[in-house]
Protein chains: 2
Amino acid sequence: MNKTDDIEKKLDPLFNPRAIAVIGATNNSNKWGFSTITSAMDGFKGPVYPVNIREKKVVGQKAYKSVKDIPENQPVDLAIIVIPSVYVVQVMQDCLEKGVKACVVISAGFAEIGKEGLALQDEMMAIARKGDIRVVGPNCMGLWSATSELRAFMFPLRVKSGPIAFVSQGGNVGGAIVGSGYDRGVGFQRYVSCGCTADIQIEDYIEHFGLDPEVKVILAYIEGLNDGQRFIEKVKKVTRKKPVIIIKPGKTEAAAKAISSHSGALAGSNTLYDVVFKQAGIIRADTSEELLDYTMGFLLQPLPKNNKVVIVTPGGSYGVLCADACAILDLDVIDLPAKTITEFDKIFPPRWSRGNPVDPAGDRDFPAYFKAAEMLLQLDETDAIFFMGFGDLSGVPDDFIEHMEHFKDADGNYDAFTQALLNIGSEFPQLIHRWIKQYKKPVLTTTFTQETPTLEEGVLHASLTGSSCQGISRII
Amino acid sequence: MNKTDDIEKKLDPLFNPRAIAVIGATNNSNKWGFSTITSAMDGFKGPVYPVNIREKKVVGQKAYKSVKDIPENQPVDLAIIVIPSVYVVQVMQDCLEKGVKACVVISAGFAEIGKEGLALQDEMMAIARKGDIRVVGPNCMGLWSATSELRAFMFPLRVKSGPIAFVSQGGNVGGAIVGSGYDRGVGFQRYVSCGCTADIQIEDYIEHFGLDPEVKVILAYIEGLNDGQRFIEKVKKVTRKKPVIIIKPGKTEAAAKAISSHSGALAGSNTLYDVVFKQAGIIRADTSEELLDYTMGFLLQPLPKNNKVVIVTPGGSYGVLCADACAILDLDVIDLPAKTITEFDKIFPPRWSRGNPVDPAGDRDFPAYFKAAEMLLQLDETDAIFFMGFGDLSGVPDDFIEHMEHFKDADGNYDAFTQALLNIGSEFPQLIHRWIKQYKKPVLTTTFTQETPTLEEGVLHASLTGSSCQGISRII
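Here the structure is a predicted model, which is why all the values come from computation and not from measurement.

(A) Examining the side chain of A:Ser353 more closely. Inspection of the secondary structure assignment puts A:Ser353 in the loop between α12 (338-347) and α13 (366-378). Within the local environment of A:Ser353, its side chain forms a polar contact with the backbone oxygen of A:Pro357, the two atoms lying 2.8 Å apart.

Following this line, the structure appears as structure tokens:
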């Protein structure tokens, strides 16, 4: 596994199998084997063979007693194993004999439970190695692969296709991040819950993702590493080409104890991880919200040249909170050049703020805001722009429109202002796209209420208020 | 205004007027006078009189040239003024003559623009004082009063009734918080955008809210104070009875500059505010998300006796992130008593974490989780419990149910597990209510994905992941 082309070839059966078997598939809906087979059948286009020692049919399909009973002319590339740990060694032997190329071992009761489990895991791996079978897990939730629409997963995973690849040592947090990504409009090319990493290490997945041209941003949730040096060496090659963003909990003793009983990993020194991540060019996120904020920033925004920002907003108080959040994060809320103030005096009413944040103080001439923002983007003195309180123009709040419904004229038309809002709203995403493309500077827009940032029509919206200002500031 | 019963009586015409006039009401939808009259008419049950010097009818109603032209037998308690600042003095004189008791001055161009505006403001206030007219603003957005369903506001405000009272020196941030509250299920008894506070000071509103038996939690957004000493003296009497939670931006120079151009206030020393708030018993929130997190905590949860917490979760990685968040905030993630470990050995499979976080490691016997949580609540050693990853049981994720739809049996029934999930889901809120009532300890539940905490059926749900763990930890 020293050459990178090996990694690509060897992990391919995991992500692009021709056919899969679910060993432990069952009609008993109280068992994980039920939700695993139903998930595996949901999307994947190739054959899915249920394997169950007792049941003849599983969810309407012919079941096999063993993977070896699947006819010889029907090869199985990937086996998903969801049976009690004591039977896994025998089943791995069956997989070896069938010529299975990769296994997802969902079953728990291996390294994470201590010495006895570790012995079982070693026994399983000894067989797998004989046949060069790649193993995900054990004690994992499975994986998602966009290329074959494969949910080799223990329950129905809410995921959409996209340019992110993600490996997680926590199945639950991993699933929550993938699901939150779904809600935010962020899609995944690959997601792997890697469990005890008996075979493939976290750095192997990251290396593999680095080679995949469809993958634009790489994410990981790590509780502890088996070989820190190997990790750094492999990952620092990837960060030269693609952003790698990682959550690594364990700042406190309480979390270190929880990690040890969860994944059996050593949390390690938090400071050491900080140093190592920095050396390897890794971006460290503290929370899953931050992780996805960064991800969205990298997906949509150009990298700013420097830290000089301007804020444009119809709300003075939005500007105050945003300026505070920016300055706390060492962004420079610049003084406006004198020439810009003179120019803005011509397009805004006299009461405008005459500074940064640029606040026209209740002016309802919305095109003037857009003009001002574009003038600011043209300045050499700016590296990025916060365009706050206009996000909803890309979808005027339903309640506003609903209210204005009562006040339509006799011909059923909205008043001029509401209609103008609706018109601007439909043009807003295109405008932002053009700005980003033309000026190659980050343009961050916001919505009126507290919301996690979402991707709508490819525009990154964050919430206007406090912590989300911090969120979008971090993106820059 | 020294006696508190004065405050009650004097602010009453603001919140419970018999009739209102909108001075500057217009059919021209490009002006704020249009959205102000339509908002005022939306909900309020008493008469709303449009006043416009030129238009004969406004949104279908007879309009008056002056508030004085409204017939004598039709008194006006509250006038909303939304006209250019230069005409406000004359209009205030008209209000005095009509016997108006309170004015909401939305018009801008007063103290916030400097010396000239301040002179105008003084002139206006001199007239108002003659008639003891209470003034909100100028340069404000208006107010909401649940008792008369009154939106004396410059645009349709999305707000629901509830036990919160809120005064904000930032109209936009205020509106965003009220709207975010709406999305989270948090309602307001009163909301005031107080603008330049020419008459009623922030501490007067807080004092008034303190006397209102319907108000359970008081919120404020403050950029700067006119009289810090008066503020402390009044507010510290309120905090003895009700929680007062305040956002005060201005930690950085950039924000202090933005404050000065926005509200004309002096940001003051951030450290000084920290000390003063502490002395007055005020809880300081850094962001609007935090503000609403605290609010929801106070609304729903008993105060914990101490800082000892237990975490129960089906997801080890959820437990790790939560333990880290708790410990960072000085919550004590306690060691489980030996007797509890012995008891849990009987109800969980052998692979359970045998510690805190309590993680049954993939066990699907959900009633066991509930039993364990209740046993933990009964312990003297615990002050609060995080019950993570079960929030969705109060509304099993739609996508899970949708997926399971394909696998219904011939009679159209769900499988046993899905049905069990649906059953538990419907009982979950009642269970949480009973626990909180019976054990008088905070019980915090969570949803599977990143979401801001919401109130659903009176249960406080937070997100499972990183920063929301911090959010719910802060609540405790």
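Having seen it, we continue.
(B) Representation of the relation of the copies chain B and chain A within the structure. Superposition of chain B onto chain A requires a rotation of 180 degrees combined with a translation of 0.0 Å along the rotation axis, giving an RMSD of 0.0 Å. Both copies are brought into coincidence by an operation consistent with a two-fold rotation axis. Counting the interface residues of chain B, we find that 100% of their copies in chain A are interface residues as well, pointing to one common contact surface.

(C) Looking closely at the environment of B:Pro350. All names here are of chain B. Inspection of the secondary structure assignment puts Pro350 in the loop between α12 (338-347) and α13 (366-378). For Pro350, a relative accessible area of 77% translates into the label exposed. Considered as a pair, Pro350 and Ala361 are eleven residues apart in the sequence and their alpha carbons are 9.4 Å apart.

(D) Region of the structure containing the nonpolar core. One finds B:Leu14, B:Val104 and B:Ile206 to be the most contacted residues of the largest nonpolar core, which totals 99 residues. Looking at this core element by element, the count peaks at six residues for helix α11 (residues 316-328) of chain A. Ignoring sequence-local partners within four residues, the contact set of B:Ile206 consists of B:Val167, B:Ile218, B:Ala220, B:Phe231, B:Val235, B:Val238 and B:Val244. Core analysis: the second largest hydrophobic core is formed by 93 residues, A:Ala40, A:Cys140, A:Ala146 and A:Tyr205 among them.

(E) Molecular detail of the interface of chain B and chain A. Contacts between chain B and chain A engage 79 residues on the former and 80 residues on the latter. Interface of chain B and chain A: buried area, both sides summed, is about 6,200 Å²; carbon and sulfur atoms make up 61% of it. In this structure, the connection of chain B to chain A is made through two salt bridges. In this structure, B:Asp335 engages A:Lys257 in a salt bridge whose closest nitrogen and oxygen atoms are separated by 2.6 Å. Seen at the junction of chain B and chain A, the total is twelve residue pairs in polar contact (both at pLDDT 80 or more). At the level of secondary structure, the elements contributing two or more residues to the side of chain B that touches chain A comprise α2 (32-40), α5 (171-184), α8 (253-262), α10 (288-300), α11 (316-328), α14 (398-405), α15 (416-439) and α16 (466-475) of chain B. When residues in the side of chain B that touches chain A are grouped by element, the largest group, ten residues, is from α11(B).

(F) Geometry of the packing of aromatic side chains. The full count for this structure, using the stated rule, is 30 aromatic pairs over all chains. Arranged with centres 5.6 Å apart and planes meeting at 85 degrees, the rings of A:Tyr273 and A:Phe277 form a pair that is edge-to-face. Within this pair, A:Tyr273 and its partner A:Phe277 are both found in helix α9 (residues 270-279), separated by four residues, close to a single helical turn. Note on A:Phe370 and A:Phe387: the rings are 5.6 Å apart at their centroids and 45 degrees apart in plane angle, and the pair reads as tilted. In this pair, A:Phe370 is assigned in helix α13 and A:Phe387 in strand β17 (residues 384-387), connecting sequence segments 17 residues apart. Through pairs of rings, three or more aromatic residues link up here, namely A:Phe153, A:Phe155, A:Phe166, A:Phe188 and A:Tyr191. Note that A:Lys62 overlies the ring of A:Tyr64, its terminal NZ or CZ placed 4.8 Å from the centroid. One residue, B:Lys248, lies across the ring of B:Tyr273, its end atom 4.6 Å from the ring centre.

Calculation notes
Residues numbered from 1 in each chain as written. Chains lettered and ligands numbered in written order. Predicted model: local features only at pLDDT ≥ 70, side-chain atom pairs only at ≥ 80, totals over all residues. Heavy atoms only, no water. Helix = DSSP H or I, 4+ residues; strand = E, 2+ residues; numbered from the N terminus. Polar contact = N/O pair within 3.5 Å; in protein donor to acceptor, adjacent residues only side chain to side chain. Least-squares fit on C-alpha atoms with pLDDT ≥ 70 in both. Contact = heavy atoms within 4.5 Å. Buried < 20%, exposed > 50% of the residue type's maximum accessible area, 1.4 Å probe, protein only. Core = buried A, V, L, I, M, F, W, Y, C linked by side-chain atoms within 4.5 Å. Buried area = accessible area lost by both parts, 1.4 Å probe. Salt bridge = Lys/Arg side-chain N within 4 Å of Asp/Glu carboxyl O. Phe/Tyr/Trp six-rings, centres within 6.5 Å; stacked < 30°, edge-to-face > 60°. Lys NZ or Arg CZ within 6 Å of the ring centre and 35° of its normal.

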